[in-house]
Amino acid sequence: MLHAAADGLLPLPGDQRATFALDVGDLDAFADALAERGVHLATAITEEEFGLYAEVEDPDGNLIVLRGPLPERTPEEE
């Protein structure tokens, strides 16, 4: 997904005019793989109604959104 800063959906830092999101199957595992390569999350993994969400910062300071599915819940947890 590509979001323009003008759409008002995502607050973007500084003069960043656009951001994009990567959907990953297992956000926790993806974040672990990034950490092994020296890349750290700019925001903690957060559960939103659309799924899990986190951000990383590229070398130019732009934020890249990472999205994963919500964890499966048992009927008791629902």
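Residues numbered from 1 in each chain as written. Predicted model: local features only at pLDDT ≥ 70, side-chain atom pairs only at ≥ 80, totals over all residues. Heavy atoms only, no water.

### Quick notes on the pairing of strand 5 (residues 63–68)
In terms of residue burial, strand 5 counts as a mostly covered element, since 5 of its 6 residues are buried. Where strand 4 (residues 51–57) meets strand 5, 6 bridges bridge the pair, whose relative direction is antiparallel. Each residue of the ladder has a partner; that of Y53, found in strand 5, is R67. The turn joining strand 4 and strand 5, which pair antiparallel and follow one another in sequence, is formed by 5 residues; a positive phi near 90° is taken by G61. (Buried < 20%, exposed > 50% of the residue type's maximum accessible area, 1.4 Å probe, protein only. Helix = DSSP H or I, 4+ residues; strand = E, 2+ residues; numbered from the N terminus. Pairing = 2+ DSSP bridges.)

### A short note on helix 1 (residues 27–36)
Regarding helix 1, the residues found buried are L27, A31 and L34. Looking straight down helix 1, one finds that the buried residues subtend no more than 60° of arc, so they occupy a single side. Residues of helix 1 that are buried sit in contact with strand 3 (41–48), strand 4 and strand 5. Two or three places before D28, at the opening of helix 1, D26 has a side-chain oxygen 3.2 Å from that residue's backbone nitrogen. Once helix 1 finishes, G38 follows within two positions and takes phi at roughly 85°, a positive value. (Arc of directions from axis to C-beta. Contact = heavy atoms within 4.5 Å. Polar contact = N/O pair within 3.5 Å; in protein donor to acceptor, adjacent residues only side chain to side chain.)

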